[in-house]
Amino acid sequence: MAGVRERGVLGAMATVEPRGAPTVNHFADYCDSLRPGTLDSVTFAPSSLTIRPALDSEAAAIGQLTESAFLVGPYGHLPVSAERRAFSLDAAGRAASGTLLVALNEDGALVGTASVLRAGTPYARRASAGEAEIRLLAVAPEARGAGIGDALMRASLEVALEWGATALVLDTGELNLTAQRLYERLGFEREAVIDGTGRAASLVVYRYPLQQSPDEVLVRLIHDDEVDAVASLSERAYSHDYTLNDSYRASIVDVAGRAAEHQVWVAVDTQTGALLGTVSTPRDGATMTDLAQPGEMDFRLLAVSPDARRRGLGELLSRHVLLLGRLRQVSQVVMNSGPEMLGAHKLYAQVGFDRLLDREPVMTFPNGNQLKLLSFGYALTA
């Protein structure tokens, strides 16, 4: 939407933490039935790795890193066209076409980069309308083998998810087997091979679907001009089913506060543009409640507009949260729910959440009344 500033793009920065073996996600099975992957060669990004959008002042260094990374790749012996070199060096142009990510090591040195591009922008060549594309994934030669490429790919998927892209697409040279193994390990679908006639090499095209119902509903980050509408939707959803006290009502409608610190997602009707539902998640490495333990991700305030019920939106938003957890390699997704929220409990059981009976807090109010919250968890890794 022209003129509307979007929230997100990983916040100011995302710090990658090792969280156990990654789960291979194939979105055709949408989170629940995952095909087996090859994980024996996986390495993990160091906990000190920071991934964030590039600064203008880093453009020259990003161009140099990109060139040096591709020189040691399977096509580094081939001559580089002027057009290709200009593309590699034009960090500002790639940033203007989407989001240019950088990876920094514990000393603040640039060790990797990736360009996440919107369809229809000058440097996108595979993305169709509504999709996002990743190009020029590059890791400094001296930093290879530390999981930086994996971390940049996961961050790129989250950027595309924040945009509400239907898929993240890419192509790579047929001889770039290392990259192909990475993409397939992450769950990208090998879609086509484009013959290399007239080029240096054939290209393999990959796609990672990001939406459960792209023809009907898209999930993306809230836009600045939607804060009041999402607050109203959330209040109507909760007051429709429950009696709200003043403090809980205030928490529900504080969408601006949540969006400033965390991620507020919205489900949008693709035909009408209507807001149908919402859910909030923390930024990578942060939490929203005391329930989440190290390596876990929590979420709060899933709400579906009363006039959009019975469309499977609660399950869709729940599975969206699970997808985000998989991209971040968390061990478990957790949440609290009030004892009277029986409809929500039924939904979470249907999706596959289990009760965490040993982690259910008791709230004590100023008048001495107590309330035991229910806790639920969905284990994502063994």
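For the structure, see preceding data.
Residues numbered from 1 in each chain as written. Predicted model: local features only at pLDDT ≥ 70, side-chain atom pairs only at ≥ 80, totals over all residues. Heavy atoms only, no water.

(A) Broad picture of the environment of Ala349. Take Ala349: it is sitting in helix H10 (residues 342-351). Spatially, the C-alpha atoms of Ala349 and Phe376 are 8.9 Å apart, while their sequence positions differ by 27 residues. (Helix = DSSP H or I, 4+ residues; strand = E, 2+ residues; numbered from the N terminus.)

(B) Structural view of the pairing of strand S8 (residues 203-209). Most of S8 sits out of view: 7 of its 7 residues are buried. Bridge count between strand S6 (residues 167-173) and S8: 7 bridges; the pairing is antiparallel. Residue pairing across strands places Leu168 opposite Tyr208, the latter belonging to S8. For strand S7 (residues 189-194) and S8, the ladder comprises 5 bridges, and the chain directions are antiparallel. Each bridged residue has a counterpart across the sheet, and for Glu189 the counterpart in S8 is Arg207. (Buried < 20%, exposed > 50% of the residue type's maximum accessible area, 1.4 Å probe, protein only. Pairing = 2+ DSSP bridges.)

(C) Structural detail: the sheet that holds strand S10 (residues 263-269). As summarised here, the arrangement of the 4 strands in space is S9-S10-S11-S13, forming an open sheet in which the pairing is antiparallel. Lying at the two open borders of the sheet, with one neighbouring strand each, are strand S9 (217-221) and strand S13 (300-304). Strand-to-strand twist of the sheet, defined as the mean angle between neighbouring strand axes without regard to direction, takes the value 20°. Set on the sheet, helix H4 (residues 148-163) makes contact with S9 and S10; between it and S9 the angle comes to about 115°. (Axes fitted to C-alpha atoms, helices over the stretch in contact; angles between N-to-C directions. Contact = heavy atoms within 4.5 Å.)

(D) Spotlight on the sheet that holds strand S14 (residues 332-337). As summarised here, the arrangement of the 4 strands in space is S12-S14-S18-S15, forming an open sheet in which the pairing is mixed. Each edge of the open sheet carries a strand with a single partner, namely strand S12 (296-298) and strand S15 (354-355). With 2 bridges connecting them, S15 and strand S18 (residues 374-379) associate as antiparallel partners. Looking across to S18, one finds that Asp354 is bridged to Gly377.

(E) Here's a closer look at the nonpolar core. The biggest cluster of nonpolar side chains holds 88 residues, and the ones touching the most others in it are Leu168, Phe188, Phe299, Val333, Tyr348 and Phe353. Here the element with the most residues in this core is H4; it accounts for 10 residues. (Core = buried A, V, L, I, M, F, W, Y, C linked by side-chain atoms within 4.5 Å.)

(F) Focus on helix H1 (residues 59-71). Counted at 1.5 Å a residue, the expected span for H1 with its 13 residues is 18 Å, and the 19 Å between its end C-alpha atoms agrees. Of all the positions in H1, only Ile62, Gly63, Leu65, Thr66 and Ala69 are classed as buried. Seen from one end, H1 has its buried residues packed into an arc of 165°, which puts them on one side. H1 presents Ala60, Gln64 and Leu71 as exposed residues on the side facing more than 90 degrees away from its buried surface. Contact partners of the buried residues in H1: helix H2 (82-89), helix H3 (91-96), strand S3 (98-104), strand S4 (110-118) and strand S5 (132-139). (Expected span 1.5 Å × (residues − 1). Arc of directions from axis to C-beta.)

(G) Quick look at the side chain of Thr172. Its location among the elements puts Thr172 in strand S6. Looking at Thr172, its side chain comes within polar contact range of the side chain of Asn176, at 3.4 Å. Here Thr172 is in contact with Ala179, Gln180, Tyr183, Ser202, Leu203, Val204 and Tyr206, once residues within four sequence places are set aside. (Polar contact = N/O pair within 3.5 Å; in protein donor to acceptor, adjacent residues only side chain to side chain.)

(H) Focus on the packing of H4 against helix H5 (residues 177-186). Interhelical geometry of H4 versus H5 gives an angle of 50° and a closest axis separation of 11 Å. Between H4 and H5, the angle is such that the two are oblique. The two elements H4 and H5 cross, and the hand of that crossing is right-handed. Along the contact surface, H4 presents Gly149, Asp150, Met153 and Arg154, while H5 presents Leu182, Tyr183, Arg185 and Leu186. (Parallel < 35°, antiparallel > 145°, perpendicular 65-115°, else oblique. Left-handed = near helix turned anticlockwise from the far one by under 90°.)

(I) Inspection of the pattern of salt bridges at higher detail. By the definition in use, this model includes 18 salt bridges. Glu184 is the partner of Arg190 in a salt bridge, and the nearest nitrogen-oxygen pair spans 3.9 Å. In this structure Arg190 comes out as partly exposed when scored by relative accessible area, which is 45%. The class for Glu184 is partly exposed, based on a relative accessible area of 33%. Residue Glu360 is joined to Lys372 by a salt bridge in which the shortest nitrogen-to-oxygen separation is 3.8 Å. (Salt bridge = Lys/Arg side-chain N within 4 Å of Asp/Glu carboxyl O.)

(J) Highlighting helix H9 (residues 313-327). Along its 15 residues, H9 runs 21 Å from first to last C-alpha, staying within 8% of the 21 Å computed at 1.5 Å per residue. Count one or two residues on from H9 and you reach Gln329, which has phi positive near 60°.

(K) Representation of the packing of aromatic side chains in the model. The final tally for this structure, using the stated rule, is 11 aromatic pairs. Ring plane angle 85° and centroid distance 6.0 Å describe the contact between Tyr238 and Tyr248, whose orientation is recorded as edge-to-face. Taken as a pair, Tyr238 in helix H6 (residues 227-241) and Tyr248 in helix H7 (residues 246-253) lie far apart in primary sequence, 10 residues in all. Relative accessible area serves as the criterion here: at 8%, Tyr238 is assigned to the buried category. Relative accessible area serves as the criterion here: at 25%, Tyr248 is assigned to the partly exposed category. Pairing Tyr348 with Phe376 gives two aromatic rings, centres 5.8 Å apart and planes at 50°, and the pair type is tilted. Remark: Phe376 occurs in strand S18 and Tyr348 occurs in helix H10; sequence separation between them is 28 residues. On the basis of relative accessibility, which here comes to 5%, the residue Tyr348 falls in the buried class. Through pairs of rings, three or more aromatic residues link up here, namely Phe299, Tyr348, Phe353, Phe376 and Tyr378. The ring of Phe70 has Arg84 lying over it, and the distance from NZ or CZ to the ring centre is 4.9 Å. (Phe/Tyr/Trp six-rings, centres within 6.5 Å; stacked < 30°, edge-to-face > 60°. Lys NZ or Arg CZ within 6 Å of the ring centre and 35° of its normal.)

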